[in-house]
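Single-letter residue listing:
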Amino acid sequence: MDPLAAPDPYAFPPPEPDLPYEELNEPQARAARHADGPLLIFAGAGSGKTRVIVYRIANLIVTHRVPPYRILAVTFTNKAASEMKRRLEGLIGPDIVKDLWVGTFHAVCARLLRRHHEAAGLEKNFVIYDDDDQRALMNRILRELNLDDRRYPPRQVLSRIHAEKQEGRGPGEFERKGYFDDAIARCFEAYERHLKSANAVDFDDLLLSVLRLAEDPQSLAGEDLRGRFRHVLVDEFQDVNQVQYRLVRAFCKAHDNLCVVGDDDQSIYRWRGADVRIVRGFRRDFPHATVVKLEQNYRSAGHIVRGALGVIRHAADREPKELWTANQDGDPIDVVGADSEHDEAAWVVECIRELIGRGVSPNEIAVFYRIHAQSRVLEEQLREARIPYQIIGGTRFFERAEVKNLLSYLRVVANPRSDVDLNRIINVPARKIGQSTVDKLIQAADALGVSLYEAIEPLVGGAVPPSAMPGARLEPLASAAKRSLLGFRDLMDGLMKEARTASPSALAEEVLARSGYARMLEQDDSVESEARLQNLRELVQSIVDYEQEAFAAGDEATLGGYLERVSLVSDVDALVDMPKVAMMTIHAAKGLEFHAVFLTGMEEDLFPFRSQDPNRRGDIEEERRLAYVAITRARARLWITHAARRAIFGQTRYGLPSRFLADLPPASVRALATPASMMAQRRVDGGGFSSFGSRPGGAGEGRGFWEGRERRPAAQAEERLAWSRFAREGEPGRAQAARDVERAPGERYVERDAADAGGDAGAEGFALRRGMRVFHERFGPGVVESVDPGADPIVTVKFSGWGKKRIKAAFLRAGS
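Residues numbered from 1 in each chain as written. Predicted model: local features only at pLDDT ≥ 70, side-chain atom pairs only at ≥ 80, totals over all residues. Heavy atoms only, no water.

Visitor: Account for helix α7 (residues 154-166), naming residues and giving values.
Guide: Here α7 is 13 residues long and its end C-alpha atoms lie 18 Å apart, about the 18 Å a rise of 1.5 Å per residue gives. Buried within α7 are the following residues: Pro154, Gln156, Val157, Leu158, Ile161, His162, Glu164 and Lys165. Count one or two residues on from α7 and you reach glycine 168, which has phi positive near 85°. (Helix = DSSP H or I, 4+ residues; strand = E, 2+ residues; numbered from the N terminus. Expected span 1.5 Å × (residues − 1). Buried < 20%, exposed > 50% of the residue type's maximum accessible area, 1.4 Å probe, protein only.)

Written out as structure tokens, the structure reads:
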């Protein structure tokens, strides 16, 4: 029997009468036993909110005999919905759970819309357009309206339309503020018209269509929707937008039995439309609401919980909550100063190797970063160490579409006969070379036995003889298609000419500029396009790294050499079934937890992030909440790293440690530094103060990788004081901190000096021998592994984060 059409049997037979409430703490039990009226549950990180929701649903069914099909539980991910159902099945049985309404907003609304499709003006077999479908439709609309897709990029137009829909506004309510908005409004009207004619909806329409019915007092469908559910529960309530909130309020119009579970401290999706003011204003909308706070953390060790609370306590306008735990304190939070992003990555990978060696599964280890562009160096180090990893909620750096596009341009420049690469970029960015034109180009190339690039001129000139295509006819190209193909050929010819004299990195910059690819992304004012630009800058930076390595080794940096290097490193991971280290942005980490977490790149302007777009700068409060989410993903161990210098987005930044580090309670923190960081700092000020005035340390209580480098406890306390001053005061605090920190004896890195005999000379006239510590301006500190003697000696040096490099001795200095 269809539960949608079933009567409301209030004599619903209850299952087993007793629920194991002893598994809940007092606030959890109070929330689970609550039955009627609005309920607001503030659930701190790791406080067992899913358990509370599950028990509350079971209590409604078992104790209050609410039919399961009268209960709606809304989550934000299919994974969360599946987990909720699984737990409920273990508590009250699968036969009852199958009648519950548990799902995401979109899944629930799609199901309701199938039932009330006629009232919404749809046929029952309506289709849901995904992102690709929407972009294809918008491309068609731009052509119909004679709008240039370079001035009005489809992604940007759709982004504006979705922003309006998420606020519940249609084309008629769109506020126009200029000529650009006039064009957006025309696109909005055409977009809605095309959707209707295609019997289609997009993701926003799933919610909006149901909302309009539910809020219509004259609609029979609306009456059904308003009376369908006797209890509504919403998980992750801090992430709802205005349409979603209006929707659940409409469902509860007759009874106010609305239970919302959320944490304003974990609201991190404003860029997706989430409005943290909704959860904070719930008591204003429901003055008689019961409020329960879940503040006991069951997930993390004591130091981690206190560190998270120290960061979030400084947030503005937050609901007061005192997160605490009965768990053991565990190890302190290790805050590690590195010299560079390569040194940081090497340190992280060495710690991961130690953890795995001590029996921690790679599945229980995670590496977080603020933006995707940070992953490249970390990925390179993991590959070199043969540690399997996977990108969660994203794509490996060299597999990202924009990275592949730029590499394809470079491959065609290096080898015009690479048809796969040419086919990939011939219309990227859009230059009016459609698929029919490409098909004709492929026909011509096959007929002539040449590459696609070589077939352009004969195809445009009509020089493909019919005899070359027996049994087939090649239709002539239209004039516009001819111009577009010749324009592409001239572009590539110009880049090939440029490649004869330009460095590989300069050539990459030229490709981005001349092709219009960078301009297209800059004009597409969206978060996604900004991320793509960042990844392209990071790719250029990887080319710069290659050039500097080649120069240091006395080799020539060529485009072919770089492309070969990329080809060799981008196809190494075939370990499908092995446990893997998880790598992800912090946004993708929401809802996950790990035994050990590495939070990288904690520097000002990176975390908190300063967007390159001035319209999206400055939400320090959301960045603080993001830091809180990151910290609370760790169960047992947490390392936070920052680098004194970082090459990213095509430039080298010299940054300060993140302001959030100063909010960590000193008693829960152990300030550490990599050897490379300390050596680099000594070269600057001649003293022992490294980034944050910290001591070396690693994954295992001063053993293994950092064995024997512990400082005295008294020095540790002084260093924490100096570290806090530096973090809060910036550079003015560094000098005073350096004076405050006690120098640790016996930490020199060079065992031999220039007086030693028998070695080749470096830049400062010192003797080079195996095992010596040396310093290179780009790669930082390293250890000599071998020396090839001669008039211009070549030295093999192992650098932290860079691996083994062959360097001219003249470029090396003695370590210190």
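Visitor: Go over the pattern of salt bridges with me, naming the residues and quoting the values.
Guide: Overall, the coordinates contain 59 salt bridges when judged by the stated rule. A salt bridge links aspartate 265 to lysine 321; the nearest nitrogen and oxygen atoms lie 3.5 Å apart. Pair noted here: aspartate 265 is in the loop between β7 (258-262) and α12 (276-280) and lysine 321 is in the loop between α14 (302-312) and β9 (333-338), with a separation of 56 residues, a long-range link. As far as the burial class goes, aspartate 265 and lysine 321 line up, both buried. Here glutamate 344 makes a salt bridge to arginine 646, at a shortest N to O gap of 3.1 Å. (Salt bridge = Lys/Arg side-chain N within 4 Å of Asp/Glu carboxyl O.)

Visitor: Which residues make up the sheet that holds β7, and what are the values?
Guide: The six strands are arranged β3-β2-β6-β7-β1-β8 in an open sheet whose pairing can be described as parallel. If you trace the sheet from one side to the other, it starts and ends with β3 (101-104) and β8 (290-294), each paired once. The mean inter-strand angle of the sheet, taken between neighbouring strand axes irrespective of direction, is 15°. As defined by bridge partners, strand β1 (residues 39-43) adjoins β8 across five bridges and the pair is classed as parallel. Residue pairing for β8: leucine 39 is matched across the bridge by threonine 290. Seen against the sheet, helix α1 (residues 26-33) touches β1 and β8 and runs at an angle of roughly 145° to β8. (Pairing = 2+ DSSP bridges. Axes fitted to C-alpha atoms, helices over the stretch in contact; angles between N-to-C directions. Contact = heavy atoms within 4.5 Å.)

Visitor: Any chance you could break down the environment of valine 52 for me, citing the residues and the numbers?
Guide: You can see valine 52 is positioned in helix α2 (residues 49-62). A relative accessible area of 1% means that valine 52 is categorised as buried. Linking valine 52 and alanine 31, residues 21 residues apart in sequence, is a C-alpha distance of 6.9 Å. Beyond its immediate stretch of four places on either side in the chain, valine 52 contacts Gln28, Ala31, Ala32, Ile41 and Leu294.

Visitor: Any details on the sheet that holds strand β17 (residues 669-673)? Residues and values, ideally.
Guide: Taken in spatial order, the seven strands make up an open sheet running β11-β12-β10-β13-β14-β9-β17, and their pairing is parallel. The open sheet terminates on both sides in strands that have one partner only, identified here as β11 (389-391) and β17. Adjacent strand axes in the sheet meet at a mean angle of 20°, parallel and antiparallel pairs treated alike. Relative to strand β13 (residues 594-599), strand β10 (residues 365-369) runs parallel, the two being bridged by four bridges. Residue pairing across strands places alanine 366 opposite valine 597, the latter belonging to β13. Sheet contacts for α14: β9 and β14 (634-643); angle to β14, the most-contacted strand, approximately 55°. Sheet strands touched by helix α27 (residues 620-631): β10, β13 and β14. Its angle to β14, the strand with the most contacts, is close to 130°.

Visitor: Now, about the packing of helix α21 (residues 479-499) against helix α22 (residues 504-515): what can you tell me, with residues and values included?
Guide: With their axes 10 Å apart at the nearest point, α21 and α22 run at an angle of 160° to one another. As far as their axial angle goes, α22 and α21 are roughly antiparallel. As α21 packs across α22, the resulting crossing turns out to be right-handed. Counted together, Leu491, Gly494, Leu495, Glu498 and Ala499 of α21 and Leu507, Glu510, Val511, Arg514 and Ser515 of α22 form the full contact between these two elements. (Parallel < 35°, antiparallel > 145°, perpendicular 65-115°, else oblique. Left-handed = near helix turned anticlockwise from the far one by under 90°.)

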